[in-house]
Amino acid sequence: MKASRIEDPVIAESPLAIHGLTVSYGQKPVIYSVDFVIPPGSLSAIVGPNGAGKSTLLKAALGIKRRLSGEVLVYGEPYAKQSHHVAYVPQRSSVDWDFPATVLDVVVMGLFRDLRWWQLTRRRHRDKAMECLSRVGMESFAKRQIGQLSGGQQQRVFLARALAQSADLTILDEPFAGVDAATEKAIVEVLKALKQQGKTLLCVHHDLSTVRDYFDHVLLLNVRRIAAGPVDDMFTEATLQETYGGRLSPLQIERIVAPSSATQEA
């Protein structure tokens, strides 16, 4: 990314600016030359079909996967210098749920940046972890082994760990996958509350029917960027069909593109 881009005030103020990001497995690009700038204080979704590179994009941005080319800036600086601004909630399938840790232990792990290597966790750290568990309705499970929880409960715990980090940007990889309706509603309420506090959130999301209700910005991705911007502007029949290769039926498009009843009543 050239200096002129870094000095761009939009880039400098963005919690996450991705430019020219390419990731390849062998000779095949998984994501190709993707540009994406997240507005501060937004609740943004990355949507696209299976195999579109959504999770890979996040992992490459966070340095978990090696990128072939491209740059990632957090508030105008390389991610490596600014990682303390970012919290990450991985896919549940990538976590070792047999690890011998309690729910409280997992959330306290989110506070390790506040601790020096010689320090033990203190009462204030555990109190903060309990406060975060309370925000996601999991305080009564604090002593439970993490592997004994349901999928939805596990997802709430990892959201609590992200809350404990007090990050400016929280990235969530499929936070609603495999959770029940009550958990999904609880997670959405927490995310919207964080947005109201001025935090920025980015989620990989699959349910096109709820994008308008949950998010204000969207990146439509299928190996390359198809469109990015406010949901109301980007969620069109043309961009959705291009993203999903024309596989969406007219009825699906109508349900996705039309504003929700709640939005119409508002």
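Per an unreviewed UniProt entry, the chain carries the name ABC transporter domain-containing protein and comes from Litchfieldella anticariensis. One UniProt comment on the chain, placed under Sequence similarities (unreviewed entry), says "Belongs to the ABC transporter superfamily."

Trainee: Please explain the confidence of the model for the chain as it appears in this structure.
Mentor: The predicted coordinates of low-pLDDT regions are not to be read in fine detail. The predicted model of the chain averages 87 in pLDDT, with 91% of residues at 70 or higher. Per-residue pLDDT stays below 50 along residues 261–266; that stretch engages in two contacts with residues further than four places along the chain or on separate chains.

Trainee: Explanation requested: the pairing of strand E1 (residues 16–25) in the structure shown.
Mentor: Side-chain positions along a regular strand alternate between the two faces of the sheet. Of all the 10 residues making up E1, seven are buried; the element is thus mostly covered by neighbouring parts of the structure. As defined by bridge partners, E1 adjoins strand E2 (residues 28–38) across seven bridges and the pair is classed as antiparallel. Within the sheet, the bridge partner assigned to Tyr-25 lies in E2 and is Lys-28. Counted along the chain from E1 to the antiparallel partner E2, the turn is two residues long, and its residue Gly-26 has a positive phi close to 70°. As defined by bridge partners, E1 adjoins strand E4 (residues 69–74) across four bridges and the pair is classed as antiparallel. Along E4, the bridge assignment pairs Thr-22 with Ser-69.

Trainee: Got a minute to help me understand the pattern of salt bridges in this structure?
Mentor: Close approach of charged atoms allows side chains with opposite charge to pair. Overall, the coordinates contain four salt bridges when judged by the stated rule. Two residues, Arg-212 and Asp-232, come together in a salt bridge whose shortest N-O distance is 2.7 Å. Within this pair, whereas Arg-212 is found in helix H9 (residues 211–214), its partner Asp-232 is found in helix H10 (residues 231–234), the two being separated by 20 residues in sequence. A relative accessible area of 62% places Asp-232 in the exposed class.

The rules behind the values
Residues numbered from 1 in each chain as written. Predicted model: local features only at pLDDT ≥ 70, side-chain atom pairs only at ≥ 80, totals over all residues. Heavy atoms only, no water. UniProt positions renumbered as here; feature names shortened; annotations may be inferred. pLDDT = per-residue confidence, 0-100. Contact = heavy atoms within 4.5 Å. Buried < 20%, exposed > 50% of the residue type's maximum accessible area, 1.4 Å probe, protein only. Helix = DSSP H or I, 4+ residues; strand = E, 2+ residues; numbered from the N terminus. Pairing = 2+ DSSP bridges. Salt bridge = Lys/Arg side-chain N within 4 Å of Asp/Glu carboxyl O.

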